[in-house]
Amino acid sequence: MPRKIANLSVLDSDLAARHKALRPSAERSSPEIDRDFDTLMRDGYVIIEGVLDRDTLSDIRSRITPLLDKTGRNTFEGARTQRVYDVFSKTRVLDHLADHPRILGLMDKLFLPNYLISQAQIINILPGEAPQLLHADDSFYKVPRPRPPLGAATIWAIDGFTEDNGATVVIPGSHAWGQDRRGRWEDAIPAVMPAGSVLFFLGTTWHGGGENRSDKPRLAVTCQYCEAYLRQQENFLLELSREVVRELSPELRSLIGYSIMPPFMGMVDGKHPLRLLEEE
Ligand SMILES: O=C(O)CCC(=O)C(=O)O
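Residue positions within a chain follow its written sequence, with the count starting from 1. Only residues with pLDDT of at least 70 are given local features in this predicted model, and only at 80 or more are side-chain atom pairs given and counted; all residues enter the totals for whole chains, interfaces and linings.

## Here's the deal with the overall build of the chain
Cut-off, in case you're wondering: Only runs of H or I of at least four residues qualify as helices and only runs of E of at least two qualify as strands under DSSP, and these elements are numbered from the N terminus. Here the globule rule reads 2.2 Å times residues to the power 0.38, and the radius of gyration is calculated from C-alpha atoms. Any residue whose C-beta has 12 or fewer other C-beta atoms within 10 Å is treated as exposed, any with 20 or more as buried, and any in between as partly exposed, C-beta atoms being built from the backbone. Residues are scored as being in contact if the C-beta atoms we place from backbone atoms lie within 7 Å.
Along the chain, the regular secondary structure elements total 10 helices and nine strands. A globule of 280 residues ought to have a C-alpha radius of gyration of about 19 Å, and the chain, at 19 Å, matches this closely. Each of the three principal axes of the chain carries a C-alpha extent, and together these read 65 × 40 × 40 Å. Out of the 280 residues in the chain, the part that is buried amounts to 41%. When contacts within the chain are restricted to residue pairs at least 6 apart in sequence, those whose partners lie at least 24 apart make up 82%.

## Let's talk about the nonpolar core
Defined as follows: A set of buried residues qualifies as a nonpolar core if it consists of Ala, Val, Leu, Ile, Met, Phe, Trp, Tyr and Cys joined through C-beta atoms within 7 Å.
If you look at the biggest cluster of nonpolar residues, it comprises 65 residues, and the most contacted ones within it are Met107, Leu199 and Phe200. When sequence neighbours within four positions are dropped, the list of residues in contact with phenylalanine 200 reads Leu40, Tyr45, Val46, Ile48, Ile103, Leu106, Ala152 and Thr154.

## Description of the environment of glycine 173
Within the secondary structure, glycine 173 sits in the loop between β5 (169-170) and β6 (189-190). By the C-beta count within 10 Å, which is 14 here, glycine 173 ends up partly exposed. Taking the C-alpha atoms as reference points, glycine 173 and threonine 154, separated by 19 residues in sequence, lie 17 Å from one another. Not counting residues up to four positions away in its chain, the partners in contact with glycine 173 are Asp43 and Gly44.

## Here we look at the packing of helix α2 (residues 31-43) against helix α6 (residues 101-110)
The test is simple: Axis definition: a line fitted to C-alpha atoms, limited for helices to the stretch in contact. Angles are taken between N-to-C directions and run from 0 to 180 degrees. Relative orientations are named as follows: roughly parallel for angles under 35 degrees, roughly antiparallel for angles over 145 degrees, roughly perpendicular for angles from 65 to 115 degrees, and oblique for any other angle. By definition, turning the near helix anticlockwise from the far helix through less than a right angle yields a left-handed crossing, and turning it clockwise yields a right-handed one. For this classification, the nonpolar set comprises Ala, Val, Leu, Ile, Met, Phe, Trp, Tyr, Cys and Pro, the charged set comprises Asp, Glu, Lys and Arg, and every other residue, Gly included, is treated as polar.
Relative to each other, α2 and α6 sit at 60°, their axes nearing to 10 Å. Taken together, the axis directions place α2 and α6 in an arrangement best described as oblique. In this structure, α2 meets α6 at a crossing whose hand is right-handed. Across the interface between the two elements, Ile33, Asp36, Phe37 and Leu40 from α2 touch Arg102, Gly105, Leu106 and Lys109 from α6. Looking at the contact of α2 with α6 residue by residue, the class counts come to four nonpolar, one polar and three charged.

## What about the sheet that holds strand β4 (residues 151-157)?
Inclusion rule: When DSSP finds two or more bridges between two strands, those strands count as paired.
Pairing within the open sheet is antiparallel, and its six strands lie in the order β1-β7-β4-β9-β3-β2. This sheet does not close on itself; its edge strands, each paired only once, are β1 (45-48) and β2 (81-84). In this sheet, neighbouring strand axes are inclined to one another by 20° on average, regardless of whether the strands run parallel or antiparallel.

## Considering α6
α6 sits mainly inside the fold: seven of its 10 residues count as buried. Residues Ile103, Leu104, Gly105, Leu106, Met107, Asp108 and Leu110 constitute the buried set of α6.

## Considering the pairing of strand β3 (residues 116-125)
Of all 10 residues in β3, nine are buried, a share of seventy percent or more. Across four bridges, the pairing between β2 and β3 is antiparallel. Paired with glutamine 82 across the strands is asparagine 124, a residue of β3. Sheet topology places β3 next to strand β9 (residues 218-226); nine bridges connect them, and they run antiparallel. Following the sheet pairing, glutamine 121 is matched in β9 by threonine 222.

## What about the site of the ligand?
Spelled out, the test is: The rule is simple: place the C-beta atom from the backbone, and if it lies within 6 Å of a molecule or strand, the residue is near it.
Taken together, Ile123, Gln132, Ile155, Thr168, His207, Gly208, Gly209 and Ala220 are the residues near the ligand. Its residues assigned to classes, the shell around the ligand comprises three nonpolar, five polar and no charged.

## Remarks on the pairing of β9
When you tally the buried positions in β9, you get nine out of nine residues, the bulk of the element. What you see with β9 is no split at all: Arg218, Ala220, Thr222, Gln224 and Cys226 on one side and Leu219, Val221, Cys223 and Tyr225 on the other are buried throughout. Strand direction decides the pairing type here: β4 and β9, joined by seven bridges, are antiparallel. Looking at β9, one finds that glycine 151 is bridged to cysteine 226.

## Considering the confidence of the model for the chain
Put simply, the test is: Values of pLDDT, ranging from 0 to 100, describe the predictor's confidence in every residue of the model.
This prediction gives the chain a mean pLDDT of 92; 90% of its residues lie at or above 70. Predicted confidence for residues 1-12 stays below pLDDT 50, and this span has eight contacts to residues more than four positions away or in other chains.

Here it is, written out as structure tokens:
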């Protein structure tokens, strides 16, 4: 038998064992998560208030503000919107947003085990920014709608989101729409929420960044997720060195791609990718 094939069949049990270890945990289920999930499936989004406390918010703000520099390169990114990409190379302060149990509890119910994080960004909408083009985040997966979501996203309010400071807008129920229906601004409502809240929505839900008519910026952090068998938008495995990956929680390691979709998707030389961290 060729060596690689032998390798894989021998390691199959190892892969399965590790897969089990990172499976959704019963510890993450709760009545609150069940309730959030029901709202999510009905409306296409849910707002969860009071997730981050004041100290956490001020820590996040002070550590991400120095990272804000460039404004958008096109109208989608926004001429008056600062965006920071590759955040996990730059700070550890956002890790706990990406792997927050309240969010992973929803993801556990939505997707197959070992779903991935697809991208993470800081988004600061400055005064005077125009409304963003409405869109559905997982539309680049070319599977016709209506269909179940292939992605999902969070927008964490580091500043409170108000009617006029660029709050993300969402179209309730739009997750169920077919292929040809497009979101219109008159159907969108602002996700008004206090600082420390998170908006969670399906990849099929029409939404966009709001117009900032206020005189202050609107600071937010977003993480998008996808099913384990899909390509992520951001190539975390090229962005992050193994030294950085070792600093991440087991959940975040799994989310960026140190995980497999059983039986073998994501393997490295016939082995579970976590072996790379053990071997050096
Ligand atoms: O910043 C926001 O409120 C939404 C941004 C967004 O949807 C995007 O950039 O894809």
